[in-house]
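As a plain string of letters, each chain reads:
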Amino acid sequence: IAGIYGANKGSVSKESAINKMKIDSQPLGKITKVIMGLVTRADTVSNNHFKIDNKLKAKKGDGIYVLNRKEIENLNLNEEDYKKYVRPFFKNSDIQRYKSRLLNDLYLLYVKDYGQPIKLPTSLDIHFKRFQNLLTKLKENFLKNKIAATFVKKWLSNGNYFVLFNPKEEDYFNSEKIICPYRSKINSFAYNDIEWFASQDVAFILPKSQSYLLKYILAILNSNLCYNWLYNKGKRKGSTLELYATPLKAIPIKECNITTQQLFVNLVDTIINNKTEGKDTSILENEVNIMVYKLYKLTYDEVKFIDPEIEKFISKKEYEIMEV
């Protein structure tokens, strides 16, 4: 009791209010699958790549695995090869609260190893041969790691120097998901259910339990209460939240029935639709905040420690008679 309500029974503090999230909750990592995006080691040519390969014939910013529209068009791939190797690619800056960008300007060359030599289309083969020495050296750097070496040796012996280092499962990027940037000043979580590939600076939260609706979880993750949890209980660099798998998995998600969850889902759908139409959603997002406080059974006094401006949006009397 002391850990939840403070050292003295009935005492209230910011710490006790945040800790109250743990009651009747499940860690996010238990009810969802939380992963980081894929790893290429060479999205585009960087200054470091010239240090690794001083004979590299390219300029900074040239696409290696991540190409712009013109670079993709210059490959002149036929429809079959395009579908096989090209994926829409997004950046962590394409993520806002609730909504992510849905139209891409970048493209990923998704080349995955299957244990056999890969015969690439001619234009793709020519493209990767420009970077063969660099990509080989990047992979050889992992030969000192016993686990990684078993994979790298097979790739190189098969001539597959161009495969992605850690492509993850493609279904992770094609299905319903919540995404967030690895580092952010605020808790910015977005939802989409389209083909949306990104690098390891984006976290992906995927459904695992039928008892939890993903948009219900999204409402909690974007709430003021969750921000305070992440700021005080998660990982930070200064005031910047570090939203990678470990701290994300620990976020407590309140257990409740589907009917209650649907109330949050309906509100989230309205917020996403309004954002898509360029409308202000601040009132709706404040409504989510208040609903989340009630969901976790915070008293009005506890809420004031988390959100000192709560009185601008709802009175103590209104809050106490409100039900979720």
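Everything numeric in this text was worked out from a predicted model, so none of it was measured.

Parameters at a glance
- Residues numbered from 1 in each chain as written.
- Predicted model: local features only at pLDDT ≥ 70, side-chain atom pairs only at ≥ 80, totals over all residues.
- Heavy atoms only, no water.
- Pairing = 2+ DSSP bridges.
- Helix = DSSP H or I, 4+ residues; strand = E, 2+ residues; numbered from the N terminus.
- Contact = heavy atoms within 4.5 Å.
- Axes fitted to C-alpha atoms, helices over the stretch in contact; angles between N-to-C directions.
- Core = buried A, V, L, I, M, F, W, Y, C linked by side-chain atoms within 4.5 Å.
- Buried < 20%, exposed > 50% of the residue type's maximum accessible area, 1.4 Å probe, protein only.
- Expected span 1.5 Å × (residues − 1).
- Polar contact = N/O pair within 3.5 Å; in protein donor to acceptor, adjacent residues only side chain to side chain.

1. Overview of the sheet that holds strand β2 (residues 32-36)
Logical step 1: Taken in spatial order, the five strands line up as β2-β10-β7-β9-β5 in an open sheet, and their pairing is mixed. One side of each edge strand has no neighbouring strand; the edge strands of this open sheet are β2 and β5 (98-99).
Logical step 2: On the sheet, helix α11 (residues 214-221) packs against β2, β5, β7 (177-181), β9 (190-192) and β10 (202-207) and is oriented at approximately 25 degrees with respect to β7.

2. Overview of the nonpolar core
Logical step 1: Counting residues in each nonpolar core, the largest one holds 53 residues, and the members touching the most others are Phe189, Ile217, Leu221 and Ile253.
Logical step 2: When neighbours within four sequence positions are excluded, leucine 221 is seen to be in contact with Leu28, Ile178, Asn187, Phe189, Ile205, Cys226, Ile251 and Ile253.
Logical step 3: Among the nonpolar cores identified, the runner-up in size contains 47 residues, and Leu109, Tyr110, Leu120 and Phe162 belong to it.

3. Overview of helix α14 (residues 258-276)
Logical step 1: Here α14 is 19 residues long and its end C-alpha atoms lie 26 Å apart, about the 27 Å a rise of 1.5 Å per residue gives.
Logical step 2: Residues Thr260, Gln261, Phe264, Val265, Leu267, Val268, Ile271, Ile272 and Asn274 constitute the buried set of α14.
Logical step 3: The opening residue of α14 is asparagine 257, an N-cap whose side-chain oxygen sits 3.2 Å from the backbone nitrogen of threonine 259.
Logical step 4: Positive backbone phi, approximately 75 degrees, marks glycine 278, located one or two places after α14.

Don't take any of this as a statement about function, it's just geometry.
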